[in-house]
Amino acid sequence: MESRIDYYPTHEHEGFKFRRGRTLPFGATMVPNGVNFSVFSSAATACTLVLFRKHEPEPMVEIEFPQEFRIGDVYSMIVFDLDYEELEYGFRFDGPWEPAWGHRFDKSKIVGDPYAKVIGGRDVWRAEPDWNDMYGHRSRLAFDDFDWEGDRPLETPSKDLVVYEMHVRGFTASPTSGVSAPGTFAGIREKIPYLKDLGINCIELLPIFEFDEWENSRRHPETGEWLLNYWGYSTLGFFAPKAGFAATGRFGMQVDELKTLIKDLHKAGIEVILDVVFNHTAEGDHRGPTISYRGIDNRTYYMLTPEGYYYNFSGCGNTLNCNHPVVRNMVLDCLRYWASEYHVDGFRFDLASILGRDQNGAPLANPPLLESLAYDPVLSKCKLIAEAWDAGGLYQVGSFPAYGRWAEWNGKYRDCIRKFIKGEMAQVGEMAQRIQGSPDLYYYRGPTASTNFITAHDGFTLWDLYSYNWKHNEANGENNNDGSNDNDSWNAGWEGESTDPETNALRRKLVKNAMCLLMLSRGIPMIVMGDEMGRTQNGNNNAYCHDNELAWLDWTMVDRNTELLQFIKGVIRFRREHPVLRGDRFFEHRDVVGSGRPDIRFHGTQAFWADYSAGSRCLAVELCGEHATPRDDAIYFAMNMHWDGLPFQLPYAGDGRSWKVAINTSMPSPHDIYEKSQAPRLENQGEIIVGPRSIMVLIADRL
Amino acid sequence: MPLAMNSSLEGKTARLELSGELDGNSAPSVRQEVEKILGASPDRLVMVVDRLTFMASAGLRILIFAKQRQPGLKIYMVQPQPTIVDTLKKTGFYDGVYVVDSEDIDKAAAG
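Just so you know, these numbers come straight off a predicted model, no measurement behind them.

This paragraph deals with the packing of aromatic side chains. Residue and element names in this part refer to chain A. One pass over the structure, following the stated rule, counts 47 aromatic pairs over all chains. Considering the side-chain rings of Phe-349 and Trp-406, the 4.8 Å spacing of their centres and the 55° angle between planes classify their relative orientation as tilted. Here Phe-349, found in strand S21 (residues 346–349), pairs with Trp-406, found in the loop between strand S22 (383–386) and strand S23 (407–409); they are 57 residues apart in sequence, far enough to count as distant. Taking the ring centre of Tyr-337 as reference, the NZ or CZ of Lys-117 above it sits at 5.4 Å. Over the aromatic face of Phe-567 sits the side chain of Lys-512, whose NZ or CZ is 5.3 Å from the ring centroid.

See the structure below:
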């Protein structure tokens, strides 16, 4: 094909031919015979393109953008005859160094492209970098020639999701995982059969945008062990996948490996949600390194104080200026890229309340970024989930600006369920709301606005929630000062690991209770990697810096905790089998289908009399399956968080119907959960005894 | 080790033998050769790679290029080394090619 006339070079510098480029799209784009570079800076006085041959310490050429190549605030240039595979590039920006005015230009530094699709420099996880490299995080090109074989995002209805939060490396890094490429995208791919068997249909990946695991790295003062930026909540580049999470990262093929994983997950019916961090970057505060944004247009990319320092609503040194129109477009471009180029199914936004602050940090009533994301045509089927708070004190659970689209991590669900399970007083009233999908918080949005979770990566594991009263973060080397002190946990009578069978049986029961409530509640349930098999972090509730057995999933627990794993598979299956548990509308508390019963009824130890008083620790719920689509069995579940067993009077199952036991957490395996065809019929249809701190679930077959 | 390349065409079957290292430096010449081969519109491309010790991203992209340039083209890789097979698998390219033990494709397919 003949090149277009505007793809011929007009200039030459040290043997490199180039011409005026195209202003959009930003970033580096392959064009016939060359690469189009386009970058924005509102305050720079000059810009130089710096080209490296891959891994070479010195640039092969530096080409200053001629002033006539700048249109508005955009510098663009096409350079011809570049080897796409071997190219690394960056920029030098000239401009004022006036921190008080927000300008921190430094021409001596080479900065990365905010739109870089691949970033080199941390190609192999934990490989110690060359600290003397003049350009440590190098922008590279990505190819878009992946063969998706007809794949596209799954668009699973939110009401049907069961989310599994995982860390890419932690999921298979342990040698016990038995995979050929531990700790990588390819490693997850080998475990797809496990995920499928578990019954989840969505994985939520902790950050996979390129980050530097060596950021703030240090050795533990006592053990000497390396403590790293393991979680990765510190973005180097928003468009580039973490090379160190790919077995093929050393060959620069992380893009292909990640896409292959997503394609195969989709084939297995499993969606992929990315945990994205737009609240800050890896550049930190005024003492941090200049990697990209600071050296390109500090005043645009960051929220600055009147003195030119960095607002810190993220708790990580700086705050991305998300509602600046240019930054807003970058975020939008980024998410569109991941949705269209990687077929990602949704996003969970870390400290999302920051996205609703204005350029001075004040919360906005109508944040343009959140509105743009909600109505974006490319993202229209993506799940958008907010962590609806930030480190600056803004807490918006139930009030996050949603535009009818946004869901939230429901922190109130977590807190209430934890308190209820440990037997705290005065929780029953709120429990009734949480189980229904929190209509008190999301009445105008529906229950799928609520991502229900009891544990997340940040905090105790579920097993530790019932093994520790207090956090034990000594291994973090911060004198146990880090991590939350507010855990609503209970150690079941003994702090830490126990050899007492009764203590461990009680802990297992409490874990089962938690998983039961999660799967019985309306909303989107989310569980954390390993909770299904009793993973422990030895009481550490903030394992952000541990790239070791403490944070990795120990796969031997599959065999050691069979009872727990089988139970949790069972409750996930139970949820999947019963559409009455998964409605996307709130209950109406009345009969709208002529079944003779309302869609939901609350009971207590006495039928039709739920005790919401402060001393009550019991509640029972009856769901009418005739109201479900498709029609379903009736479900009754009794929750007794009292320390004694209690009788619960049952409502009448209906003419020709009878109650059968589906789940009883007070019983050991295999009597703790039954497949539907095996569920035993209750001899006494009028009353059940629910064991201490236990949940019983009954079903009555639909007629 | 520098890349050595040899190609031939017999009927609708093209044969491309590669040995040495297929890296970013040598990939453009291989791509040129593949383009030349595809000019004859073969049904099958048999890549004899048993003595190919390294294949970089650039090499794998040539396979994609060939598949996209000529839909329906069957690519056979004869005795690729385990490291190359590993990379093919992890990046999803493995599903797009036939890895075989013998140049006698019909026999290998039957077996």
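A word on helix H5 (residues 293–301) of chain A. Residue and element names in this part refer to chain A. Of all nine residues making up H5, eight are buried, and the element is well covered by its neighbours. Buried within H5 are the following residues: Tyr-293, Arg-294, Gly-295, Ile-296, Asp-297, Asn-298, Thr-300 and Tyr-301. Summarising the contacts, the buried residues of H5 are in contact with strand S4 (34–40), strand S9 (87–94), strand S11 (103–104), strand S19 (235–241) and helix H6 (325–341).

This part is about the sheet that holds strand S4 (residues 74–78) of chain B. Sheet strands pair by backbone hydrogen bonding; their relative direction is either parallel or antiparallel. Residue and element names in this part refer to chain B. Ordered by their spatial adjacency, five strands build an open sheet running S1-S2-S3-S4-S5, and the pairing between neighbours is mixed. Every interior strand has two partners, whereas the edge strands, strand S1 (4–10) and strand S5 (98–100), have only one. Taking each pair of neighbouring strands and ignoring which way they run, the sheet shows an average axis angle of 20°. Sheet topology places strand S2 (residues 13–22) next to strand S3 (residues 44–55); nine bridges connect them, and they run parallel. Along S3, the bridge assignment pairs Glu-17 with Val-48. Of the strands in this sheet, S3 and S4 touch helix H3 (residues 82–90), which is tilted by about 115° from S3.

Residues and elements named next belong to chain A. With domains assigned, chain A is organised as domain 1 (5–140), domain 2 (158–426 + 440–569) and domain 3 (581–700). Taking only C-alpha atoms, the centre of domain 2 and the centre of domain 3 are 33 Å apart. Between domain 2 and domain 3, the residue contacts involve 28 residues of the former and 26 residues of the latter. Seen at the junction of domain 2 and domain 3, the total is two salt bridges. Of the charged contacts, one joins Asp-160 and Arg-582 as a salt bridge, the two residues approaching to 2.8 Å between their closest N and O atoms. Here domain 2 and domain 3 share eight residue pairs in polar contact (both at pLDDT 80 or more) between them.

All names here are of chain A. The amide bond that connects Leu-24 to the next residue, Pro-25, takes the cis arrangement and shows omega of 0°. Among the secondary structure elements, Pro-25 is positioned in the loop between strand S2 (16–20) and strand S3 (27–31). For the bond from Ser-669 to Pro-670, the omega torsion is 10°, close enough to zero to count as cis. Structurally, the position occupied by Pro-670 is in the loop between strand S30 (660–664) and strand S31 (687–690). The phi dihedral of Glu-149 is positive, around 50°, even though this residue is not glycine.

Residue and element names in this part refer to chain A. Among all positions in helix H7 (residues 368–375), only Leu-369, Leu-370, Leu-373 and Ala-374 are buried. Across the axial projection of H7, the buried residues extend over an arc of 135°, all falling on one side. Against H6, S21 and S22 lie the buried residues of H7.

All right, on to the packing of H5 of chain A against H6 of chain A then. Residue and element names in this part refer to chain A. Where H5 contacts H6, the axes come no closer than 9 Å and their chain directions differ by 115°. Across the interface between the two elements, Tyr-293, Thr-300 and Tyr-301 of H5 pack against Val-326, Val-327 and Met-330 of H6. Here the residues of the contact of H5 with H6 sort into five nonpolar, one polar and no charged.

Rules of the game
- Residues numbered from 1 in each chain as written.
- Chains lettered and ligands numbered in written order.
- Predicted model: local features only at pLDDT ≥ 70, side-chain atom pairs only at ≥ 80, totals over all residues.
- Heavy atoms only, no water.
- Phe/Tyr/Trp six-rings, centres within 6.5 Å; stacked < 30°, edge-to-face > 60°.
- Helix = DSSP H or I, 4+ residues; strand = E, 2+ residues; numbered from the N terminus.
- Lys NZ or Arg CZ within 6 Å of the ring centre and 35° of its normal.
- Buried < 20%, exposed > 50% of the residue type's maximum accessible area, 1.4 Å probe, protein only.
- Contact = heavy atoms within 4.5 Å.
- Pairing = 2+ DSSP bridges.
- Axes fitted to C-alpha atoms, helices over the stretch in contact; angles between N-to-C directions.
- Domains from an automatic or database assignment.
- Salt bridge = Lys/Arg side-chain N within 4 Å of Asp/Glu carboxyl O.
- Polar contact = N/O pair within 3.5 Å; in protein donor to acceptor, adjacent residues only side chain to side chain.
- Arc of directions from axis to C-beta.
- Nonpolar A, V, L, I, M, F, W, Y, C, P; charged D, E, K, R; others polar.

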